[in-house]
Amino acid sequence: MKNENLFAALRAAFPQSIDAAAVETDAGLHYSWRDLERATAMIANLLAGLNLPEGSRIAVQVEKSVEAMMLYLATLRAGYVFLPLNTAYQSAEIEYFIGNAEPAVVVCSGKNFGWVSKIAFKAGTRHVFTLNDDRTGSLLDRAAHCGDRHEIAHRAPDDLAAILYTSGTTGRSKGAMLTHGNLLSNARVLKDYWGWKPGDVLIHALPIFHVHGLFVALHGALLNGSKIIWMAKFDPKFAIEKMAEATVFMGVPTLYVRMLGEPSLNRESTKHMRLFVSGSAPLLLETFTAWQERTGHTLLERYGMSETIMLTSNPYEAKGGERRGGTVGFPLPGVGVRVRGDDGNNLPTGEIGAIEVKGPNVFKGYWRMPEKTQEEFTADGWFKTGDVGKIDERGYVTIVGRSKDLIISGGYNVYPAEIEGYINDMPGVAESALVGVPHPDFGEVGIAVVIAKPGATIDGDQIVAQLKAQLANFKIPKRCFVVSELPRNTMGKVQKNLLREQHKQLYT
Ligand code: MCA
Ligand code: AMP
C-alpha cells in the first residue's frame, strides 16, 4: 500500500540535485536538501527511539529556526502528531495546552526549560527537550548520536499529522485535528492553483506555529522543491532586498502595510517576483490598491482557517478572472462553500449569511471534544466557519464579518471572552468588554472597556499591566478605559457594536 505520509510526498519533491541550496537564512546560514534529509532522519530516529505510543503528540514552543522546521518534518516522518505553540504564550496558556493535549514529548527553548518542564512533567510528559534558535539544545545534542537513515513511517490519509489550538467560534481553545490527507490534499491544490513552477523561490517571513507559515508557505515551497529564503523575524527592508532573488511571498496584511512604509518598495525592487499572497486577516482595499500602484503587482487574497487550511483564493491566472480586492476569491477546487440564512436554508446569490464549508481539507474534529465537534458541523456534514459573507454571481466570495466574537490583530486571533475572563477576575472589576478597533499597523487591535464594582477604584493602566504578566503579548488590550456604565440592549447584553463605533477613531 502506498505510504500517504505527508512527509513522503514532500520528500519525493526534493530536487535531484540534493546538494543544491534548500534554505538560506537571514543569519547567513545555508542548508542543502541533503541537510534536510539527514537532519529530519536523525531527529525522527531520536523520536522513534523513545518508544512512544502510536499517535503521540510532540508539543513544540520554540523560536523560529530552520531546526524547528526540521523538527516539524521529523515529527511527520516518524509518524507522530505535531503540536506547535505560539512563542508568546505564557505559563497559564501553556499549562492548558499541555494539560489538554497530554503530549509525550515537549520541546521548548532553553530559557523556558524550568517552568515548561515543570508543567510538562506534572501533566505526565516523559520527555522534555530544549531547542534554541542558535542550533543548540538537548534535542540536537541527542539527535547528533542518531543514525541519518530513516524509513518514513507508514501513514494513511486519515491519520493525524498535527493539532492546532484555536478557539473556533466559542469558548476555550480547542485542538483542531488535521490529518496527513487534509494537509497533503490542500498543499497539492495550492501548488496547482498558484502556479508553483521550477525556479520559484519563497521568502518565508511568517511564524511557524500557525497555518499560514507552517503549512501554506512551507508546504508550498517544499512540494515544489523550491528554495526558501528564511527570515527568523519579519523585517520589511530585508524582505524587499531579497525580492531580487525570489518569486513568491506570503504574508498577513500587516506585513504588506509595513513594506509599503519602505521607500525601497517599488516596481524595480519587486520585478523578479511573480506572486504575493495575503491572508489570515481582512486585507483593506486601501492596502490592495497602494500595493498595485507602487509595485505593479496585484496581491492575491485567500481565505482559510486552522480547522480547514485554505478554502478560497483569488485566481492566479488571468484567464480565471481578475484578483478582486475586498474579496477572497473562489472556492478552491474540491472545496464546497455555501452561504446559509438563519433558517438554515441556502441563500440566493449575493445575500449575506453564515459561511459553511466542506472538502478533503476540513479537519477531523476537535481533540477529545466530540460534542464541540458535533456542534460546529451541520447535520449534513458542513463545517460552520463562524464567518459571515456572500457569494456573487461570478462566484467570488466576500467576507463581510464574523458571527464569532473574535478580534484578528496583525494576523493573530484574540478571543474577547478569554481576556474579559481575566479582567473580570481582578479585584474591584464588575464587568468588562473587549472590542476590536481599526489600527493602521495591525488592522485591528483590542481595547478594553471596564466598570468597577460599587465603591471600588480601578485603574486602566494597572489592568493592562496585570494582563501583561499573565497572557501572550498580542492578546493584551492596547488601551483600557474605566467607565461608569456599558451600553446594553433591552436584554441587558453589552452592545459591543456601540463600543466599537465609539472608539473607532482611536488610532486612525
Ligand atoms: C506584536 N504585537 C502585537 C502583534 N504582534 N500586537 C497586536 N497584534 C499583533 N499581531 C505587539 C507586542 O505585543 C509588542 O507589544 C509589540 O507589538 C512588539 O512585539 P514584536 O513581537 O516585536 O512584534 P513584531 O515582530 O512587530 O510582530 C508583528 C507581526 C507579528 C510581525 C505582524 O504579529 C506576526 O508575525 N504576525 C503574523 C501572525 C500569523 O502568522 N498569522 C497567521 C495565522 P509590547 O511592546 O507592548 O509588548 S494562520 C490563520 O490565521 C489562518 C488559518 C489563515 O488564513 O492563514
Ligand atoms: P484561525 O482561527 O487562526 O484559523 O483564523 C481563521 C479566521 O481568520 C477565519 O475564520 C477568518 O475569520 C479569518 N481570515 C482568514 N483569512 C482571511 C481573509 N483573507 N479575510 C478575512 N478574514 C480572514
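What you see is a predicted model, and the numbers here were worked out from it, not measured in a lab.

Asks: Which residues make up the site of ligand 1, and what are the values?
Replies: Residues in contact with ligand 1 amount to 25 residues; listed here are only the nearest, Lys233, Arg258, Ser280, Arg302 and Ser409. With respect to ligand 1, the backbone of asparagine 473 contributes an N or O atom lying 3.4 Å from an oxygen atom. Its free accessible area being 1,000 Å², ligand 1 has 76% of it covered by the protein chains. Mapped onto the shell around ligand 1, the elements with two or more residues apiece are helix 8 (211–223), helix 10 (253–260) and strand 13 (300–305). Residues belonging to the shell around ligand 1 are distributed by class as follows: ten nonpolar, ten polar and five charged.

Asks: Talk me through the site of ligand 2; I want residue IDs and the actual numbers.
Replies: Surveying the vicinity of ligand 2 reveals 17 residues, the closest of which are Arg302, Ser306, Asp387, Lys404 and Asn413. Between aspartate 387 and ligand 2, the recorded distance is 2.6 Å, taken from a side-chain N or O atom to an oxygen atom. Within the side chain of asparagine 413, a nitrogen or oxygen atom sits 2.7 Å from an oxygen atom of ligand 2. Starting from 490 Å² of accessible surface for ligand 2 in isolation, the protein chains cover 91%. Secondary structure elements with two or more residues in the shell around ligand 2: strand 13 and strand 20 (397–402). A per-element tally of the shell around ligand 2 places strand 13 first, with five residues. Taken together, the residues of the shell around ligand 2 sort by class into seven nonpolar, five polar and five charged.

Asks: An account of the packing of helix 4 (residues 91–101) against helix 5 (residues 113–122) is needed here, citing residue identities and associated values.
Replies: Across the interface, helix 4 lies against helix 5 with an axial gap of 10 Å and an inter-helix angle of 30°. Between helix 4 and helix 5, the interaxial angle falls into the category roughly parallel. The hand of the helix 4/helix 5 crossing is right-handed. Residues Ser91, Ile94, Glu95 and Ile98 of helix 4 touch helix 5, and the partners they reach there are Trp115, Ile119, Ala120 and Lys122.

Asks: Can you tell me about the pairing of strand 5 (residues 105–108), naming the residues and giving the values?
Replies: Burial of the side chains of strand 5 extends over both faces: Val105 and Val107 are buried on one face and Val106 and Cys108 on the other. As defined by bridge partners, strand 3 (residues 57–61) adjoins strand 5 across four bridges and the pair is classed as parallel. Paired with valine 60 across the two strands is valine 107, which belongs to strand 5. Note that strand 5 and strand 6 (residues 127–130) share four bridges and pair parallel. Among the inter-strand pairings, valine 107 is bridged to a residue of strand 6, identified as phenylalanine 129.

Asks: Before we move on, could you go through unusual backbone geometry and cite the residues and values that matter?
Replies: Within the chain, glutamate 102 stands out as a residue other than glycine whose phi angle is a positive 45°. Inspection of the secondary structure assignment puts glutamate 102 in the loop between helix 4 and strand 5. Backbone geometry places isoleucine 309, a non-glycine residue, at a positive phi of 55°. Relative to the elements of secondary structure, isoleucine 309 occurs in strand 14 (residues 309–313).

Asks: Describe empty space enclosed by the protein, listing the residues and the values that go with them.
Replies: What the rule picks out here adds up to four cavities of 30 Å³ or more. Quantified by volume, the largest cavity comes out at close to 90 Å³. By residue number, the principal contributor to the lining of the largest cavity is helix 7 (residues 180–193), which donates five residues. For the lining of the largest cavity, a count of residues per class yields seven nonpolar, three polar and one charged.

Asks: Lay out helix 11 (residues 285–295) in plain terms, naming residues and giving numbers.
Replies: Within the sequence span of helix 11, burial applies to Thr287, Phe288, Trp291 and Thr295. Burial along helix 11 is one-sided: seen end-on, the buried residues are contained in an arc of 105°. Residues Leu285, Glu286 and Glu293 are exposed on helix 11 and point more than 90 degrees away from its buried face. Those residues of helix 11 that are buried are in contact with helix 10 and strand 12 (275–278). Of the residues trailing helix 11, glycine 296 is marked for its positive phi of about 80°.

Asks: Summarise the environment of isoleucine 419; cite the residues concerned and give the values.
Replies: With respect to the secondary-structure elements, isoleucine 419 resides in helix 13 (residues 416–424). Using a relative accessible area of 0% as the deciding quantity, one classes isoleucine 419 as buried. Leaving out residues up to four positions away in the same chain, isoleucine 419 has contacts with Val414, Leu434, Leu467, Leu471, Lys475 and Pro477.

Asks: A description of the sheet that holds strand 12 should follow, citing residues and the corresponding values.
Replies: Spatially, the nine strands line up as an open sheet ordered 2-1-10-9-11-12-13-14-15, and their pairing is mixed. In this open sheet, the two edge strands, each paired with only one partner strand, are strand 2 (30–32) and strand 15 (330–331). Alignment of strand 9 (residues 201–204) against strand 11 (residues 248–251), held across two bridges, turns out to be parallel. Directly across from leucine 202, in strand 11, lies its bridge partner valine 248.

Criteria and thresholds
Residues numbered from 1 in each chain as written. Chains lettered and ligands numbered in written order. Predicted model: local features only at pLDDT ≥ 70, side-chain atom pairs only at ≥ 80, totals over all residues. Heavy atoms only, no water. Near = heavy atom within 4 Å. Polar contact = N/O pair within 3.5 Å; in protein donor to acceptor, adjacent residues only side chain to side chain. Areas by Shrake-Rupley, 256 points an atom, 1.4 Å probe, with all protein chains shown as cover. Helix = DSSP H or I, 4+ residues; strand = E, 2+ residues; numbered from the N terminus. Nonpolar A, V, L, I, M, F, W, Y, C, P; charged D, E, K, R; others polar. Axes fitted to C-alpha atoms, helices over the stretch in contact; angles between N-to-C directions. Parallel < 35°, antiparallel > 145°, perpendicular 65-115°, else oblique. Left-handed = near helix turned anticlockwise from the far one by under 90°. Contact = heavy atoms within 4.5 Å. Buried < 20%, exposed > 50% of the residue type's maximum accessible area, 1.4 Å probe, protein only. Pairing = 2+ DSSP bridges. 1 Å grid on protein atoms, 1.4 Å probe; cavity = no way out; pocket = protein on both sides within 12 Å on 5 of 7 lines; lining within 4 Å. Points joined across faces, edges and corners; volume = space filled by probe spheres on them. Arc of directions from axis to C-beta.

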